[in-house]
Amino acid sequence: MIRSYLPFMLIVVSFQFALAQKPLNYCGTLSGRSEWLQKFQANGKPVEKDPEEILYVPISIHMLGTNSGAGPFSLDRLFNIICTLNSDFEAANIHFYLKGDVHYINRTSWYKHDCIRTGARMMFAGNIPNTINNYFVDDPAGNCGYNLPYAGIAVAYSCAKPTDHTWAHEVGHQLSLPHPFLGWEGGITHDNTQPPRFTNPAPEKVTYDYTEFKDSFLLFKDTLVIDTAWVERADGSNCRFAADGFCDTEPDYIAYRWNCDPDSISFVTQTDPAGVKFKSEGRWIMSYSADNCQKGFSSEQIAAMRANIREEKPWLLGQDAPLNAISVPEAPKSIYPKFGEIIPFDRAALSWEAVPNATHYLVQVSRFSSYSILSYSEVVAGTEIDLPELLNGRAYYWRIRPYNAFDFCQGWYDMGSFLAGVVTSVDRPENGAVFRVYPNVTKPGMEVSFTTEDEIYHSNTLIWWDMTGRKAAVTSLQPNSRILQVPDYLASGMYRLQLMNGKKSSFSSILIAP
C-alpha cells in the first residue's frame, strides 16, 4: 500500500488515483471590474510602489476526494504545480508559500459539484483565515476552474498539470483581474441569445450575468445580477473604461478556449464597433488562449495585483519571514544503505545527509528505477525513516525531494538502490574491504565486472551466500581478473558475495533474475 503523507501534518489520508481528462469549460469566473479596481484604474497609468519588493503571499491547499478517499493526485504533482504558479508570478515579484498543512477532504458532493453555490458552501466550511484558499476537485461546476472573490478558488485536477496556467488564471481573478474579453462570456447578451458574429462590427456594449461573482455571497436563489461592459476598440480610445480597463491588454472578444500562431496571436479575426479588424493577443494568462500561448501578465495587470494585495488584502502580508531558497551545491548523499547493500527486509531503514534550508523531504521507494509503481511514499521532517516490511529477496530504488514552505522546486535526487533480504553474520565483517559488482542484477551463466580496493590479489575465492545464510556456491577468480561468472546452476534470488583474498574478506551483493 502506498502511504502518502501531508507536508507538515496528516489531516486525512487519501489514495492516489489517475484522473481522466474531461471536457470542461476553461473558467467559470465572470469577474467584473470591482469598485476597487475601477477606482485604481481611474487614476490613469498606475505607478508601482516598491516594484522590486517580493510580496510573499500565503496559500492554503484543500484536496478533495470521494467519500471513500479516492481522487487526489500525488504530492509530487502538487509540488510541481506550486512551482509553476510561482514561475507564472515571478515577473510580478509575487511569491506564494504554503501556510500550514495540506488538507484532504473526503466528500463526494464537493469533489464533483455542478453548482457554484455548492462550491461556495464547501469553501465557507473549509477556509483557513488570512490565506488564499485553493480547492482541487474533480469537477468544479463544469469548469477547469473558478474564483469566488468572497470565498476562494476551485481548480479541476485534470486542469492542474505543471504545463497548465489555469491556477494562475484563477489567482489573477482573486487579485482583482478580470478577463480581457470582459462581457463576452455570454456572447453579446448574458444568456447568449445573441451570439457573437465576429465578421460584423461588435456592439458598443455587451451584458453578462454577474450573480455568483459579486463581492459577497447572495443568499436568495432567485437573485439575478446582469451587468454591462463597454466593448474595447482596436485603437485603444476607450481602453480605460472598456472591457478589463487595462490599456496594455489588447482588445479580445474570444470567450472560449482558442489556439494561437507561433507569435501567440489568434487565428480568429474580430471586428470592433468602428469596423476595424484585429486578432487577439494570446500571451496573457487572463485570456482564454491555450496554455502554450500564455506567457504572463501585463505591466498594468501586475501593478493592479500588487496594489490589491497591499490595499485590499493587507492581511496576506507580514505573517511569516521567508526562508532562504533551498540551495543544493551538490546532490545529497546517502548515509545508509550504501549502493547495492543488503538490508533487513523486515527492519529496513533509510538515512541521508541534511539539505541546507530543507524542512521536509518527500521520500519514495520503488522496485522500479522509473518509479512507475511506488512501494512507499512519505513525507518526513528529519533525515531518516523506517520502512514497512519489504519483499524478501528483491532489489529496491529510493529517492528524496527536499523542500520547505517557500520552495517546492527542487527536483528528485536518486539515492541509489539496495537489496532487501535476510542479514546473516557474514554481512558485517570486521575487516571488510570495498567490493562492488556491476551490474548487480544479472542472470545465471552471465559474466559481470567487479572492483575492489586491492590493486593486486592472488588465489581469490568467492563464496555465494543465499538469503537463508546457506553457502550456495564457491568459485575461484583468475589472478588479477576483473570478471566473474555467475554459476549457471544458481536459482534466481538475492546473494551475498564474500571475496576471500588471503585473510581479508570483502562483501558485495547481487540479484540473479529469473
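As a reminder, the structure under discussion sits directly above these lines.
Each value, and the rule that gives it
- Residues numbered from 1 in each chain as written.
- Predicted model: local features only at pLDDT ≥ 70, side-chain atom pairs only at ≥ 80, totals over all residues.
- Heavy atoms only, no water.
- Helix = DSSP H or I, 4+ residues; strand = E, 2+ residues; numbered from the N terminus.
- Areas by Shrake-Rupley, 256 points an atom, 1.4 Å probe, with all protein chains shown as cover.
- Pairing = 2+ DSSP bridges.
- Axes fitted to C-alpha atoms, helices over the stretch in contact; angles between N-to-C directions.
- Disulfide = S-S within 2.5 Å.
- Buried < 20%, exposed > 50% of the residue type's maximum accessible area, 1.4 Å probe, protein only.
- Core = buried A, V, L, I, M, F, W, Y, C linked by side-chain atoms within 4.5 Å.
- Arc of directions from axis to C-beta.
- Contact = heavy atoms within 4.5 Å.
- Parallel < 35°, antiparallel > 145°, perpendicular 65-115°, else oblique.
- Left-handed = near helix turned anticlockwise from the far one by under 90°.

Chemist: Describe the overall build of the chain, listing the residues and the values that go with them.
Modeler: Per the secondary structure count, the chain includes six helices and 28 strands. Summed over all atoms, the accessible surface of the chain reaches about 22,600 Å², with 52% contributed by carbon and sulfur.

Chemist: Please set out the sheet that holds strand E18 (residues 384–386) residue by residue, giving values where relevant.
Modeler: Sheet architecture is open: three strands sit in the order E13-E15-E18, paired in antiparallel fashion. Across the chains shown, the open sheet's two edge strands, defined by having one partner strand only, are strand E13 (334–336) and E18. Going across the sheet, the axis of each strand differs from the next one's by a mean of 20°, ignoring polarity. With three bridges joining them, strand E15 (residues 349–352) and E18 adopt antiparallel strand pairing. Paired with alanine 349 across the strands is aspartate 386, a residue of E18.

Chemist: Hey, could you go over the state of the cysteines for me, with residue numbers and the actual values?
Modeler: The final tally for this structure, using the stated rule, is four disulfides. The disulfide that involves cysteine 83 links it to cysteine 409, with 2.0 Å between the sulfurs. Taking the sign of the S-S torsion, about 120° here, the bridge from cysteine 83 to cysteine 409 comes out right-handed. Remark: cysteine 409 occurs in the loop between strand E19 (394–403) and strand E20 (413–421) and cysteine 83 occurs in helix H2 (residues 75–88); sequence separation between them is 326 residues. The exposure class of cysteine 83 is partly exposed, given its relative accessible area of 23%. Bonded cysteines in the chain are paired 1-8, 2-3, 4-5, 6-7 when counted in the order they occur along the chain.

Chemist: An account of the nonpolar core is requested, with residue identities and associated values reported.
Modeler: With 88 residues, the main nonpolar core has Phe89, Phe136, Trp167 and Trp352 as its most contacted residues. With 24 residues, the next largest nonpolar core counts Tyr26, Ile188, Tyr208 and Ala290 among its residues.

Chemist: Residues and numbers for helix H1 (residues 35–42), please.
Modeler: Listed in full, the buried residues belonging to H1 are Trp36, Leu37, Phe40 and Gln41. When H1 is viewed along its axis, its buried side chains cluster within an angular range of 125° and face the same direction. Pointing more than 90 degrees away from the buried face of H1 are the exposed residues Glu35, Lys39 and Ala42. On its buried face, H1 sits against helix H6 (299–311). Glycine 44, located one to two residues past H1, shows a positive phi value of around 85°.

Chemist: Could you give an account of the packing of H2 against helix H5 (residues 166–174), with specific residues and numbers?
Modeler: Interhelical geometry of H2 versus H5 gives an angle of 55° and a closest axis separation of 9 Å. In terms of their interaxial angle, H2 and H5 are classed as oblique. Viewed along their axes, H2 and H5 form a crossing whose handedness is right-handed. On H5, the residues that touch Ile81, Ile82, Leu85 and Asp88 of H2 are Trp167, Ala168 and Val171.

Interpretation in functional terms is not warranted from these geometric data alone.
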